[in-house]
Amino acid sequence: AGAAMRAASCTATHLATAIASMTSGNASPRRGRVRPVRVSKTTVRANGRPTLGALDEKPKTSSSPSRTSTKTLYLIRHGRTEMNDYLLANKWHDENFVDPMMIDTKLTAFGETQALALRARLKNLNVAPDVIVASPLSRALKTAEIAFGDDQYKETKLVTCHLARERVFHGSDVGTPTRTIKKQFPTWCVAEMEEKFGDQPWWYTGTGDDDSNSEGDELNIRNATGDTVTGNRTEKYPGDTGVGDGDTDSINSEDDESIDRLTLRSGVPYEPPEVFNQRMQCLLDWLTNRPEEKIAVVAHWGVWFSLTGREFENCEVCKFSLGDLAPGTGVMPV
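Note that this is a predicted model, so its numbers are computed, not measured.

1. Quick look at the packing of aromatic side chains
Item 1. Under the counting rule described, the total for this entry stands at five aromatic pairs.
Item 2. Ring centres of Tyr86 and Phe97 lie 6.0 Å apart, and the angle between their planes is 70 degrees; on these two criteria the pair is classed as edge-to-face. In this pair, Tyr86 sits in helix 2 (residues 82–89) while Phe97 sits in the loop between helix 2 and helix 3 (109–124), placing the two residues eleven residues apart along the sequence.
Item 3. For Phe97, a relative accessible area of 5% corresponds to the buried category.
Item 4. Plain terms: the ring middles of Trp304 and Phe312 are 6.3 Å apart, the flat faces sit at 40 degrees to each other, and that makes the pair tilted.
Item 5. For Phe312, a relative accessible area of 0% translates into the label buried.
Item 6. The cationic tip of Arg310 hangs over the ring face of Phe312; the distance from NZ or CZ to the ring centre is 6.0 Å.

Structure follows, in structure tokens:
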């Protein structure tokens, strides 16, 4: 019964959100660095993340519907993944680094344990969102299912949002077709993704702008797994941003010349910063147009770094007001 009610609510909310997005006005988002209120943390990083000197840069001005600061967001990063573990042993900035092409990387057993710990914390903190939103990448959906698996959330709407996906750095940030998501996570609403993409890719493929991909999902996945890709793509990467899903070693910030020579070796086209930040603005607009006032969002390191300037740990949750988020608050030097 609960799943049926969520499905009906999903369709109605999707239609209402689409109407709101066509009628909203424009205003400039807040600028400057955000100082978040920390709610809780489930684990300490295995090897730490670097602190970027670019964090204090102010985001570029962009247009968006006006956002009320009274709308509350619970921002959550997914649990530890197979790609996280790979990057602990294989440093992305090494010249011999090989992208393992872990398409839509999964949570490890430890990552699931982190999500269970988060579940207990959410219950103790009495976090009661009106809707639970997750990136359609499986690590975010699985984290959300575990963390919000308590009975108190069984009637809460579950909605996927393709705009909340990770920036594509490696093959691990490539997703799976919508039909696969429906089979693996049947309680989640994917109506918006089905309408917009069908079974076409909803992730960045390098064939067009953010969400205007022309290739079919089967061809794209073949490319992403390396069948039609020769070697690793190499792009200039002048600084350490944590590289999406992975944990990284700190790099000496005083050695500017060595940082400038770093490269990102990836088996897929990586998502340009201007495309990614435009998508982050679209995500804020999407959240603005939702009817709910309290929203939990399970997403990724790059998403929350861009919008808050904070480097989230696995299964960390922070409470923000929607009006305090802005694309480029955390500037990735790439």
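Read on, since the account is not over.
2. Here's the deal with the nonpolar core
Item 1. Counting 36 residues, the largest nonpolar core has Leu118, Leu122, Phe148, Ile181, Trp188, Trp202 and Val298 as its most contacted members.
Item 2. Mapped onto this core, the elements with two or more residues apiece are strand 2 (72–77), helix 3, strand 3 (131–134), helix 4 (138–147), helix 6 (191–197) and strand 7 (294–299).
Item 3. Per element, the largest residue contribution to this core is five residues, and it comes from helix 4.
Item 4. Core analysis: the next-biggest nonpolar cluster, separate from the first, contains 30 residues, Phe169, Met280, Leu287 and Leu325 among them.

Parameters and conventions
Residues numbered from 1 in each chain as written. Predicted model: local features only at pLDDT ≥ 70, side-chain atom pairs only at ≥ 80, totals over all residues. Heavy atoms only, no water. Phe/Tyr/Trp six-rings, centres within 6.5 Å; stacked < 30°, edge-to-face > 60°. Helix = DSSP H or I, 4+ residues; strand = E, 2+ residues; numbered from the N terminus. Buried < 20%, exposed > 50% of the residue type's maximum accessible area, 1.4 Å probe, protein only. Lys NZ or Arg CZ within 6 Å of the ring centre and 35° of its normal. Core = buried A, V, L, I, M, F, W, Y, C linked by side-chain atoms within 4.5 Å.

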